[in-house]
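Fold and geometry: a report
So the chains spell out like this:
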Amino acid sequence: MNTSARIAEGATVDGFLVGKVIHRGGMSVIREVTHPDIAEPILMKLPSVREGDDPAAIVGFEMEQMILPRLSGPHVPRFVALGDFSADPYIVMERVQGRWLLPMLEELPLPGDEVAAIGARVATALHEIHRQHVVHLDVKPSNVFLRQSGEAVLIDYGLAHHDQLPDLMDEEFRVPYGTAPYMSPEQILGNRRDARSDLFSLGVLLYFFSTGVRPFGDPKGKRRLHRRLWRDPVPPRKLRADYPPWLQEVVLRCLEVDPARRHPTAAQLAFDLTNPDEVKRTTRSERLRQDPWSAVLRRRFHPDADSRRRAPETSVAEQTSAAPIVAVAVDLSESSEALLITLRDTVGRMLEVVPGARFACLNVLKYHRLALDFTLDAEGKSKHLKRLAELRSWARPLEMAEHRITFHVLESPDPAAAILDYARTNDVDHIVMGARTDSALKKILGSVSAEVVAGAPCTVTVVRAR
Amino acid sequence: MLIALLADVHANREALEACLEDAEARGASRFVFLGDLVNYGADPEWVTGEVMRRVAAGAIAVRGNHDAAVGERRATMDSPAELAMEWTRVQLGADEREFLARLPLTVEDGERLFVHAAAGIPEKWEYVFESADAMRSLAATAKRLTFCGHVHVPALYSMSVVAKITAFRPTAGAPVPLLSQRRWLAVLGSVGQPRDGDPAASYATFDTESLELTYRRVPYDVATAAAKIRAAGLPEMLAERLATGR
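Described below are features of the structure shown in this document. (Residues numbered from 1 in each chain as written. Chains lettered and ligands numbered in written order. Predicted model: local features only at pLDDT ≥ 70, side-chain atom pairs only at ≥ 80, totals over all residues.)

Residue and element names in this part refer to chain B. Across the sheet, which stays open at both edges, the 6 strands sit in the order β4-β5-β6-β10-β7-β8 with mixed pairing between neighbours. The sheet is open, and its two edges are formed by β4 (106-109) and β8 (165-168), each paired on a single side. For this sheet, the mean inter-axis angle between neighbouring strands, taken without regard to orientation, is 20°. Note that β4 and strand β5 (residues 112-115) share 4 bridges and pair antiparallel. Residue pairing across strands places T106 opposite V115, the latter belonging to β5. (Pairing = 2+ DSSP bridges. Helix = DSSP H or I, 4+ residues; strand = E, 2+ residues; numbered from the N terminus. Axes fitted to C-alpha atoms, helices over the stretch in contact; angles between N-to-C directions.)

Below you can see the structure in the form of structure tokens.
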């Protein structure tokens, strides 16, 4: 098989006018193209199938041919057209505009907050593709763009796994494929079905961007590649004295060898990266040196090391939905005691049924637009803290582990809008809230829950006391 | 064109009606019956008659081992399959028996091969259980796409240009593009007697434009189909297994 000589600059293929080569990689060649009916910038990706090229190039191209047309949303390049292998193999897609992460390697290390902001966007994009049944398996700077509108875009699905499509990579190659510095331990061991592999790779990226150093270097050869299975990376705080402990907590959690110790979903990672104050710190955040050799050797020869070879029994989309983010809107000022108890009981039942769920308790501190300047000083602040304490006290009987629950007081003149905005920003899967019981108040003020139900991007449960 | 692929109906009228209705609602304009129209179920005459009508109108049907067994004179055995076959022979009229006996073993249609079991020697009724079986079957035909049944458990095999085989357990409702640079062998699930743990009837649609194959599951009135099997005095396990899909 040969890349057709027909696809050269100036040629027209299926209506696409072929332009210059933009990028020439090991697996593919990318050319700019135009089409009279398409205004946005587009590009054509061609497999690199010359003599002596990597046979994975063809399979990778086939995988991308299958996966890309099935993905949608702003976090993937928009799919335009496919060329048939029997004629000219190509994929035409949107040429993503925005900031490419690769050239940013020149500027490393970046400040922690900037890295966290980039990380949160990439994590949100990962959550979106995970929800669409895909594990990317090649998260690295060259595969990420940041759109002007803010979203991260993940490109290149040549190594990806799709839950509902045959995994041609998995079956055809004994050697696991990936990019050595970024590959997760389980990917190195040949498991391609765990969405949390992408969190590991993103952790490598975050570590690299915030320290300027790759946590596992750029290993050559199988033995060096396997080292990350037992050797922990140097804690970022050892490399940079001013490294924020919360960020070290998040990054080292991503780099856990056992996927079960990482964030259960990319959305939960994005949540941590956007809410530094809410990150539950463990000994990870304190670490200033690598584990002693005794611990490393124990891991090296621990018989459990092979358990990671096992693929998870659930599909990618199931893994994602098993660990939802639930926002509980608690109206402390106008709810009856009975409603507050019913609401808490409802949350308690959800805790038992969905052990992977993470709960964000919200309270909206309402202020009046006109009085804005007068209330949000010293008095406003104390109100805020008082509400936070009340929220915690409401949740105490749930006896929830600290890392599963966070508390947020939002300040807004419009409670429904504040709740909806929170849900959208934090990729909330489920909102639980009480219904206003006082019908007189409801008449005057309208129903907050009805507004939330109407505008919510997710499932909403409205709780009533009976 | 959307093709509906229906294998192993096994005289289950309720399941077949549900699948045909589903396929027609999706716009299927061609129907392919991949063998084993009869035996096990209580409606061999109706099912065969329905397929005869559809074949007269352009549908494709190939012969399965149970269809072939109708015309074979064998010493009676005690297995449920043999007991049911004895009963089935009596139910079918001369026209139906003639139709089943004359069904072709294979039909080629463009780049597609339709066959009941593995393509090697179709009348040997070999199962495609795993990659090695799929490899042998693909080697026996020049057609790019093979569609078969016989196993009662859906599976999809693909062979790359360098003859590596990929096995895949399809998800119902999720289209898989049968990439044109590969060869594919699709094992259909069973319409009338699923054995993969899901009692819903199993069939598939193939879109000849997008090359997308979609395995489908259609819940149907299992209770009625099972009650008819009992009422006909057929072996109890044939009724029971419909409810569990085993």
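Core analysis: the largest hydrophobic core is formed by 179 residues, its most contacted members being L5, L6 and L34 of chain B. Look past the residues within four positions of L6 of chain B in its chain and what remains in contact with it is C19, F31, V32, F33, L34, V191 and Y203 of chain B. (Core = buried A, V, L, I, M, F, W, Y, C linked by C-beta atoms within 7 Å. Buried ≥ 20, exposed ≤ 12 C-beta atoms within 10 Å, placed from the backbone. Contact = placed C-beta atoms within 7 Å.)

A few words on the interface of chain A and chain B. Counting residues at the interface gives 15 residues for chain A, matched by 15 residues for chain B. Secondary-structure elements contributing two or more residues to the side of chain A that touches chain B are α1 (56-67) and α3 (168-172) of chain A. When residues of the side of chain A that touches chain B are assigned to their parent elements, the largest contribution, 4 residues, is made by α1 of chain A. Class assignment for the residues of the side of chain A that touches chain B results in 8 nonpolar, 3 polar and 4 charged. (Nonpolar A, V, L, I, M, F, W, Y, C, P; charged D, E, K, R; others polar.)

Now for the sheet that holds strand β9 (residues 176-177) of chain B. Residues and elements named next belong to chain B. The 6 strands lie next to each other as β3-β2-β1-β11-β12-β9, forming an open sheet whose pairing is mixed. With one partner strand each, in any of the chains shown, β3 (60-61) and β9 form the two edges of the open sheet. Two elements, β9 and strand β12 (residues 212-218), share 2 bridges in a ladder whose sense is antiparallel. Bridged to P177 within β12 is E212.

Our next topic: the environment of A81 of chain A. Residues and elements named next belong to chain A. Tracing the chain through its elements places A81 in strand β5 (residues 79-83). Placed 372 residues apart in sequence, A81 and V453 show a C-alpha to C-alpha distance of 38 Å. Not counting chain neighbours up to four residues away, the residues in contact with A81 comprise D14 and V92.

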